[in-house]
Amino acid sequence: MYQLDADNYETDPDLARIRKEKNYSWMDIITIHKDKLPNYQDKIKIFYEEHLHLDDEIRYILEGSGYFDVRDKDDKWIRIFMEKGDMITLPAGIYHRFTLDENNYVKAMRLFVGEPVWTAYNRPADHFPARGQYIQFLAQAAQ
Ligand code: KMT
Ligand code: NI
């Protein structure tokens, strides 16, 4: 996880360096708020269903806050509070979900290596190679 200067994301050299080093060529900004996001209710429901992706999910919080829940190696939920300035990478194949907190507002940068693929596979989605690779990574890290 990184801490960055969210007030100056447009000119921040640290963000530029991370994007270059990690090949995060693509980005957009999503605002999750009932008056700002089309189909807000459906979207927040989808974000909170346990799922995985075949690529890394990279998020950088520019305003507001929320929670990413991720499954640990024992399949227990770990809740990660994310607020302004925080950047996280959820590895491909990790089961996770997202929810707003009581402020009901977040503005986040979504970064991607190349053209984004947003497809979410709700659990169970254990048959994907990305899942197998992530499980293998966990097993190695435990040694
Ligand atoms: C996602 O994929 O879960 C989202 O884009 C919502 C969280 S962004 C803070
Ligand atoms: Ni996701």
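Here, the structure is the one placed above.
So, here is what we can say about the structure in this document. If you're wondering where the values come from, they're calculated on a predicted model, not measured in any experiment. (Residues numbered from 1 in each chain as written. Chains lettered and ligands numbered in written order. Predicted model: local features only at pLDDT ≥ 70, side-chain atom pairs only at ≥ 80, totals over all residues. Heavy atoms only, no water.)

1. Examining the coordination of the nickel ion (ligand 2)
Six octahedrally arranged donors around a metal ideally form angles of 90 or 180 degrees; four tetrahedrally arranged donors ideally form angles of 109.5 degrees. The protein atoms that coordinate the nickel ion (ligand 2) are H51 (NE2), H53 (NE2), E57 (OE) and H96 (NE2), at distances spanning 2.0 to 2.1 Å. Along the chain, the residues donating to the nickel ion (ligand 2) fall in the pattern H-x1-H-x3-E-x38-H. Given the relative accessible area of 8%, E57 is considered buried. (Donors = N, O, S within 2.8 Å, 3.2 Å for Na, K, Ca; no water. Buried < 20%, exposed > 50% of the residue type's maximum accessible area, 1.4 Å probe, protein only.)

2. Observations concerning the pattern of salt bridges
Applying the stated criterion to the full structure yields 14 salt bridges. Salt-bridge contacts for E50 lead to R123; the nearest nitrogen and oxygen are separated by 2.8 Å. In this pair, E50 is assigned in the loop between α2 (40-47) and β3 (51-52) and R123 in the loop between β9 (121-122) and α3 (129-141), connecting sequence segments 73 residues apart. Judged by its relative accessible area of 31%, R123 falls in the partly exposed class. Among the salt bridges present, the one from D126 reaches R131, with a minimum N-O distance of 3.7 Å. Accessibility expressed as a relative area gives 10% for R131, which makes it buried. Residues joined in a network through salt bridges with shared partners are E50, R71, D75 and R123. (Salt bridge = Lys/Arg side-chain N within 4 Å of Asp/Glu carboxyl O. Helix = DSSP H or I, 4+ residues; strand = E, 2+ residues; numbered from the N terminus.)

3. A short note on the side chain of D86
By the element assignment, D86 lies in strand β6 (residues 86-90). Summary of buried charges: D86 has no salt-bridge partner, and the nearest side chain of opposite charge, K84, is 11 Å away. At 3.2 Å, the side chain of D86 and the side chain of Q3 are in polar contact. Polar contacts involving the side chain of D86 include one to the main-chain amide nitrogen of E83, which spans 2.9 Å. (Lys, Arg positive; Asp, Glu negative; His and termini not counted. Polar contact = N/O pair within 3.5 Å; in protein donor to acceptor, adjacent residues only side chain to side chain.)

4. Looking at the site of ligand 1
In the region of ligand 1, the neighbouring residues are I32, F47, E57, R59, I61, F68, F98, A108 and R110. In this structure, an oxygen atom belonging to ligand 1 sits 2.9 Å away from a side-chain N or O atom of R59. Summarising the interface, the protein chains cover 95% of the accessible area of ligand 1, which totals 290 Å² for the free molecule. Every element with two or more residues in the shell around ligand 1 is listed here: β4 (57-71) and β8 (106-112). At 4 residues, the largest contribution of residues to the shell around ligand 1 is made by β4. Across the shell around ligand 1, the residue classes tally to 6 nonpolar, no polar and 3 charged. (Near = heavy atom within 4 Å. Areas by Shrake-Rupley, 256 points an atom, 1.4 Å probe, with all protein chains shown as cover. Nonpolar A, V, L, I, M, F, W, Y, C, P; charged D, E, K, R; others polar.)

5. Some details on helix α1 (residues 13-21)
Between the side-chain oxygen of the N-cap and the backbone nitrogen of D14 there are 3.0 Å, and the N-cap of α1 in question is D12. Following α1 by one or two positions, N23 has its phi on the positive side, about 60°.

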